[in-house]
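Next come the chains, spelled out residue by residue.
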Amino acid sequence: PTPVFAGDPPPPLSEEQDPSRRRHSLHYRHVEGGCTAGSADGPAGGCRAHRHSLHDVPSGEDQTANFYGVSHFPCCITNFPQGWPKFVASAVLTHGNAFAVASFLPLNATLPDAVGGGATLLIETSYPFAGEAVLTVSVPQGHSTTAYLRIPGWAAGASVNGQRAANGTVHAVPLGSGLATLRVRLPQPIRVERGWGVLGNVSSPPADAAVVRRGPLLFSLRPAEQRRVVRDYRRLLPYRPLAVDYEISTREAWSFALDLSDLGALRFEPLASPGWAESLPFSTSEYPFSVRVPARLLSNATWGYWRGTNITAQPPASPIDCDALPSGACGPLEQIRLVPFGSTNLRIAVFPWSH
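All values reported here derive from a predicted model rather than from experimental measurement. (Residues numbered from 1 in each chain as written. Predicted model: local features only at pLDDT ≥ 70, side-chain atom pairs only at ≥ 80, totals over all residues. Heavy atoms only, no water.)

A. Highlighting the nonpolar core. Judged by nonpolar contacts, the single largest core of 31 residues is most densely connected at F99, F104, L121, L135, L149 and L186. At the level of elements, β2 (98-101), β3 (107-110), β4 (120-125), β5 (132-139), β6 (145-151), β9 (169-175) and β10 (178-185) are the ones that each hand at least two residues to this core. The dominant element in this core, judged by the number of residues it contributes, is β5, at four residues. Excluding anything up to four places from it in sequence, F104 contacts T125, Y127, A133, L135, L149, R150, V184 and L186. Of all hydrophobic cores here, the second largest spans 27 residues; its members include F256, W276, F289 and F351. (Core = buried A, V, L, I, M, F, W, Y, C linked by side-chain atoms within 4.5 Å. Buried < 20%, exposed > 50% of the residue type's maximum accessible area, 1.4 Å probe, protein only. Helix = DSSP H or I, 4+ residues; strand = E, 2+ residues; numbered from the N terminus. Contact = heavy atoms within 4.5 Å.)

Here it is in structure tokens:
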């Protein structure tokens, strides 16, 4: 397996020791003259002494960074699915003869011998797509431990085995030997948070824009995408037809102001889109559930693009007083659908608002 480096970087590795270096035939095409065909150094023979990198060797950052997998492309490795194992690896923490569940994820963990004599932990949950988790802890005979469960600040009314667990705290549960089941319930009400956007100054008021959250998830508008390939890499070998650069835009309306006159009108809809599956929970073409919010479409003069570009301008200062704006600045009240931020490529998540 590829080693994972954390903390102080290890001493530099030679090419023979470092598993991140790519040793395939493409590497030997990046050479200068003087090659002898058929030698043991690879398809290009004795080119080792003459080859040049053309950026085809890992950097020092590649060799010492804290990420998983082949490290020739560190930005992609960090930003894409190989971040999940790092997330899971930080979900359960230990200290002394105790452990803390920092994030409720579906996982199995065997704790160190110092924690409950090597207790085991099983978490069954669909969190963050559901607000319940069942933890099963097995502590060997003659041992004990303490479980500390992180209760998020937004989870007012949370409970563990039916007993109230204060939100924004770490809830302690002493555990003796044997099998114990902890049923965690985290209510996920819809919340509106204000104060986003520019802070303002002496000549302009703060934006005081709003975002919509439910549980740990941020919700956003997802306008329909228009995709155009602006570059491919046919001249680079090996040719990968799916490795292209897209320009993603939209022709749908996006410049909405949320109507927050009645927060009870924000409605959670638990129905998933037809193609959504837990195996790919943050698909950018599907969503697990949505929130319906009353809103009004603002004119381009009220909220549009920044300086003639395709970049959205800063949200106008809220609250928006539609009665004081010119005719046509605010459209009629309508319902818009917001989906989890991770289910989008294009999105608006920070909105102006009106009463």
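B. Main features of the packing of aromatic side chains. For the structure on display, the rule yields eight aromatic pairs. Geometrically, the ring pair formed by F129 and F282 is tilted, given 5.4 Å between the ring centres and 50° between the ring planes. Taken together, the residues F129 in the loop between β4 and β5 and F282 in the loop between β17 (267-269) and β18 (290-298) connect sequence positions 153 residues apart. The class of F129 is buried, set by a relative accessible area of 17%. According to the relative accessible area criterion, F282 is partly exposed, its value standing at 27%. By the ring-pair criterion, three or more aromatic residues cluster together here, those being F129, F219, F268, W276, F282 and F289. When the ring centre of F289 is taken as origin, the NZ or CZ atom of R214, which lies over that ring, is 5.6 Å away. (Phe/Tyr/Trp six-rings, centres within 6.5 Å; stacked < 30°, edge-to-face > 60°. Lys NZ or Arg CZ within 6 Å of the ring centre and 35° of its normal.)

C. Inspection of the side chain of D208 at higher detail. Topologically, D208 is positioned in the loop between β11 (190-196) and β12 (209-214). Take D208: its relative accessible area is 19%, and that puts it in the buried class. Looking at D208, its side chain comes within polar contact range of the main-chain nitrogen of G195, at 3.0 Å. (Polar contact = N/O pair within 3.5 Å; in protein donor to acceptor, adjacent residues only side chain to side chain.)

D. Representation of the state of the cysteines within the structure. Inspection of every chain in the model, using the stated rule, returns one disulfide. With its sulfur 2.2 Å from that of its partner, C322 forms a disulfide with C330. Because the torsion about its S-S bond is -85°, the bridge between C322 and C330 counts as left-handed. Given the relative accessible area of 22%, C322 is considered partly exposed. (Disulfide = S-S within 2.5 Å.)

E. Expanded view of the layout of surface pockets. Its volume calculated, the second largest pocket comes out at about 410 Å³. Together, 16 residues line the second largest pocket, and W84, L105, Y127, P128 and F129 are the ones closest to its centre. When residues of the lining of the second largest pocket are assigned to their parent elements, the largest contribution, three residues, is made by helix α3 (residues 83-89). Considered class by class, the residues forming the lining of the second largest pocket number 11 nonpolar, three polar and two charged. (1 Å grid on protein atoms, 1.4 Å probe; cavity = no way out; pocket = protein on both sides within 12 Å on 5 of 7 lines; lining within 4 Å. Points joined across faces, edges and corners; volume = space filled by probe spheres on them. Nonpolar A, V, L, I, M, F, W, Y, C, P; charged D, E, K, R; others polar.)

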